[in-house]
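# Residue-level structure breakdown
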2 protein chains.
Amino acid sequence: MLTYSFVDIGSKKLYEHLYECIKKDILDGNIPSKTRLPSKRAFAKNLGVSTVTVENAYEQLLAEGYVYSVPKIGFFAADIDTPLKSNAVPKMSAAAERAQKTYFADFVSNQTNPKKFPFSVWSKLMRGVILDKSAELMQNSPYNGIDELRIEICRYLADFRGISASPEQIFIGAGTEYLYGLLVQLLGYDKRYAVEDPGYMKVYQIYKSNNVDCTFAPMDENGIDIEYIEKHNADVLHISPSHHYPTGKIMPVSRRYELMGWASKSDNRYIIEDDYDSEFRLMGNPIPSLQSIDVSEKVIYMNTFTKSLASTIRISYMVLPPHLINNFYNKLGFYSCTVSTFEQYTLAAFISNGYFEKHINRMRNYYRKKRDFIMSCINKSSLEGISKISEESSGLHFLLHIDTNMTDEEVVASARKNGINAVCLSHYFHSIPCTCAHTIVINYSGIEDDRIEEAVSRLANSIKK
Amino acid sequence: MLTYSFVDIGSKKLYEHLYECIKKDILDGNIPSKTRLPSKRAFAKNLGVSTVTVENAYEQLLAEGYVYSVPKIGFFAADIDTPLKSNAVPKMSAAAERAQKTYFADFVSNQTNPKKFPFSVWSKLMRGVILDKSAELMQNSPYNGIDELRIEICRYLADFRGISASPEQIFIGAGTEYLYGLLVQLLGYDKRYAVEDPGYMKVYQIYKSNNVDCTFAPMDENGIDIEYIEKHNADVLHISPSHHYPTGKIMPVSRRYELMGWASKSDNRYIIEDDYDSEFRLMGNPIPSLQSIDVSEKVIYMNTFTKSLASTIRISYMVLPPHLINNFYNKLGFYSCTVSTFEQYTLAAFISNGYFEKHINRMRNYYRKKRDFIMSCINKSSLEGISKISEESSGLHFLLHIDTNMTDEEVVASARKNGINAVCLSHYFHSIPCTCAHTIVINYSGIEDDRIEEAVSRLANSIKK
């Protein structure tokens, strides 16, 4: 009969040890398949343990399929065909070895300043939500987000973006990148998507990664080139009319109406309006959204709290045209909402109590001062006279045109050597030649206040005429 | 000269009112395109406002493209071609009118009991995180999740699931549904996916919605049918070997090794192991994961905190085989992590302080008692003698086989009439005929404790022999 030692089994339970011994013997072939295992009682007696111990071990072996039972006869070793062990040694990946480069100042990142996040208010609201809403917090969110948050977003959009939408048009998700993918599932894999050139490589990458046909559509002075998209049969445009990145341009209303005219010519055509930082127009009123002049239900409006609140809070939303709501529900309503109810309720309270509006106003002032200070530092530096600033009114970046003989690559490399991460406008041109060399895109939201002077000075020192 | 009234403009600023008047006149054609607007000074005098007011209105009109400026000459109305207004009246969608059905008890939902969520601990940890980690909370999460959480998940997997993985193999995302979509992007749109039949319709829907070829693969007694997947050229299998839903079956180790053998035959083949509720085996030890016997790097393990903690906290993760890490990073590393840092840090603290393990143990006891009580209620009801319970050892559901002449549809309809939401096993068969009529799937995690007796009694009253 099988015999196992129960000496030195440490804190393991007796039945666990017995289970492991038998399992090993079955896998190693020491107990051939179809071998009948000893009866519980006899085995227990032989091993000097209780029958319950043997019974528990057999039950676990049975559950996992190492043995099978024949009623009234007993337990038998199962027939297990283990493939040969592979000799593959897990390789350490390069990803593991990637060290995060740290710079003295980073003019590329859109990181927000941690000191400006309203931690105490957020913490207070979250505590309140946990205390008051324990039942609601455990209720699964509707597929499109909780009512409370969708209602608040509608109010906000009506007050600040001229968008009149009902809460059922709103869809909440964990970041705009996730929403792009959902839109592909909604609008179709057979559609042709177009993104702006110059523009974010990432947006293009996301469409390509979702396995759809995507093209870079060149921009002229007024925005995306309509002749190009007509000629190349684009169906869905992804644009940022209120503040284009990286050029900072605002699409004039004439081009907006032309685009609406283009869209209304076919049922397949839609415009995704990515309004990622419209809250931060630093001069005058916000630019009205494209959605607000859309009478033919062609615009899918998208915005995010990652820019306006914190890049690490993953809450974004889109506004669907009314005729797409049912379509969306029928096609994609089975998905669970990707944002936790804890954060949805906290954000709803944050907006409804007026904190969001206050935060935006405070941040707008903060960014305006910051921008002014950076510009004044530039004007006091050796860049003065060889540089020109443009597109400084909107959003959290501006353009710094430099009169230099260095190539853009040299500018970036030289800045990095001085501990400054920088990027040139040419970096954002993908299918067409860059018409504006020597232009640095200054993303200033993440630069620490007490590093601005030094950062500008280092940047200036990186540039030779 | 243009004249506008400034009477009754309410709380609007003067320049805003002026901007709106001019904008309307340009859009309506009252100011034809290329018309020169009055000079600021003369216009201000005429309107009885300050020059700054006119200037601000003109700047806003300029920014939005309603006017253009010719240096040293002035401002001109732009040429705007507005399409005809569509008469489409936004229709109210059916989605808006969907009322959430409420039942006395719901045996279909996997909702967790709000009273069992450790609110006070979670709240305390979150407060601590907000106080202590303000800088980290504002740092963008790496694409695969914060280190702290990935390390804790590795420890947990090693201790409780026999999985030895390094933190860089872990990828954190907002729900398993989101992760399925990412895996399609990683493994390829040209692959053939197979899901279990019977099984969750939702998993199949997600693959179809991601526009890939997906097939239902029938299960035999031991799990997914290998002959079928060979014959139908499946590349990627999506299975739940440790606890299949809805049958409750555990895949025996023999079939597990056969599957590993199948997978190792081609570079294209992978197995997605969806280990959604393995924490809740109520008898004996947890069933080891398929990943733990994978020596050829073919298993992508996936699990979620939505079952073990709360369905409304959207944190899931997967364990990639080492050779896929670089691949994943290169293809999909540009995506931002979809889970907010606030929740990632809180969960990491929750696990590292031992609360997660305690919670799981407490919940396992709670569910065991709950299950026992429901089973005893069934045995005391009129179902006694005409029903049989099976697969009650694992996870948060069991099967109730009923001896009745009613069809499954009649059973469900009759239960609903009595305020009980129920679902039959046959509901989960999609491509093959159901071999087990009259079997109710009892999901008990969400039933309120004080409603169990009444719920079982109502269910029993719904069934006629």
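This text goes with the structure placed above it.
Description of the structure in this document.

About the criteria used
- Residues numbered from 1 in each chain as written.
- Chains lettered and ligands numbered in written order.
- Predicted model: local features only at pLDDT ≥ 70, side-chain atom pairs only at ≥ 80, totals over all residues.
- Heavy atoms only, no water.
- Least-squares fit on C-alpha atoms with pLDDT ≥ 70 in both.
- Contact = heavy atoms within 4.5 Å.
- Buried area = accessible area lost by both parts, 1.4 Å probe.
- Salt bridge = Lys/Arg side-chain N within 4 Å of Asp/Glu carboxyl O.
- Polar contact = N/O pair within 3.5 Å; in protein donor to acceptor, adjacent residues only side chain to side chain.
- Nonpolar A, V, L, I, M, F, W, Y, C, P; charged D, E, K, R; others polar.
- Phe/Tyr/Trp six-rings, centres within 6.5 Å; stacked < 30°, edge-to-face > 60°.
- Helix = DSSP H or I, 4+ residues; strand = E, 2+ residues; numbered from the N terminus.
- Buried < 20%, exposed > 50% of the residue type's maximum accessible area, 1.4 Å probe, protein only.
- Lys NZ or Arg CZ within 6 Å of the ring centre and 35° of its normal.
- Pairing = 2+ DSSP bridges.
- 1 Å grid on protein atoms, 1.4 Å probe; cavity = no way out; pocket = protein on both sides within 12 Å on 5 of 7 lines; lining within 4 Å.
- Points joined across faces, edges and corners; volume = space filled by probe spheres on them.
- Arc of directions from axis to C-beta.

## Examining the relation of the copies chain A and chain B
- Of the transformation superimposing chain A on chain B, the axial component is 0.0 Å and the angular component is 180 degrees, with the fit at an RMSD of 0.2 Å. Accordingly, the operation relating the two chain copies is best matched by a two-fold axis.
- Most of the interface of chain A is mirrored in chain B, where 100% of its interface residues are also at the interface.

## Focus on the interface of chain A and chain B
- If you look at the interface, chain A gives 96 residues, while chain B gives 97 residues.
- Each partner contributes to the roughly 7,800 Å² buried at the junction of chain A and chain B, and carbon and sulfur atoms together form 58% of this total.
- Looking at the side of chain A facing chain B, the largest losses of area belong to Met138(A), Thr312(A) and Phe334(A), adding up to 9% of the total buried there.
- Along the contact surface separating chain A from chain B lie zero salt bridges.
- At the junction of chain A with chain B, the criterion picks out 24 residue pairs in polar contact (both at pLDDT 80 or more).
- Residues of the side of chain A that touches chain B, tallied by class, amount to 49 nonpolar, 30 polar and 17 charged.

## Let's talk about the packing of aromatic side chains
All names here are of chain A.
- Counted according to the given criterion, the structure contains 62 aromatic pairs over all chains.
- With 5.1 Å between their ring centres and 25 degrees between their planes, Tyr 193 and Tyr 207 make a pair best called stacked. With a gap of 14 residues between them, Tyr 193 in strand E5 (residues 192-197) and Tyr 207 in helix H9 (residues 201-209) connect regions that are remote in the sequence.
- Taking the relative accessible area as the measure of exposure, Tyr 193 reaches 1% and is therefore buried.
- The ring of Phe 104 has Arg 458 sitting right over it, with the charged end atom 4.1 Å from the ring centre.

## Structural notes on the pairing of strand E9 (residues 270-274) of chain A
Residue and element names in this part refer to chain A.
- Counting buried positions along E9 yields five of five residues, so the element is predominantly enclosed.
- Across the two faces of E9 the burial is the same, with Tyr 270, Ile 272 and Asp 274 and Ile 271 and Glu 273 all buried.
- Two strands pair when backbone bridges link them, and strand E8 (residues 236-239) and E9 are joined in this way by four bridges, in the parallel orientation. The residue of E9 that forms the bridge with Leu 237 is Ile 271.
- Across four bridges, the pairing between E9 and strand E10 (residues 299-304) is parallel. For Glu 273, the partnering residue across the bridge sits in E10 and is Tyr 301.

## Describing empty space enclosed by the protein
- The tally for this structure, following the rule as stated, stands at 13 cavities of 30 Å³ or more.
- In this structure, the largest cavity occupies an estimated 160 Å³ of space.
- Lining the largest cavity we find 14 residues, and of these Tyr178(A), Gly181(A), Gln185(A), Tyr178(B) and Gln185(B) sit closest to its centre.
- The residue inventory of the lining of the largest cavity, partitioned by class, reads six nonpolar, six polar and two charged.
- Estimated volume of the second largest cavity: approximately 90 Å³.
- Elements supplying a minimum of two residues to the lining of the second largest cavity: helix H7 (147-161) and helix H15 (355-380) of chain B.
- Looking at the lining of the second largest cavity, its residues break down into four nonpolar, two polar and four charged.

## As for the pattern of salt bridges
- According to the stated counting rule, one finds 34 salt bridges over all chains in the structure shown.
- Among the ionic pairs, Glu454(A) bridges to Arg458(A), the shortest N-O distance being 2.9 Å. In this pair, Glu454(A) and Arg458(A) both sit in helix H17 (residues 452-462), four residues apart, roughly one turn of the helix.
- Judged by its relative accessible area of 25%, Arg458(A) is partly exposed.
- Where Arg371(B) meets Asp372(B), a salt bridge forms, and the shortest distance between an N and an O atom there is 3.0 Å.
- Counted as one network, the salt bridges with shared partners bring together Asp220(A), Arg255(A) and Glu258(A).

## Topic: the side chain of Ser209(A)
- With respect to the helices and strands, the residue Ser209(A) is situated in helix H9.
- Setting aside residues up to four positions removed in sequence, Ser209(A) forms contacts with Gln185(B), Tyr189(B), Leu332(B), Phe334(B) and Tyr335(B).

## Some details on helix H13 (residues 325-332) of chain B
- Within H13(B) the residues assigned to the buried category are Ile325(B), Phe328(B) and Leu332(B). Along the axis of H13(B), the buried positions cluster into a sector of 75 degrees, meaning they face one direction only.

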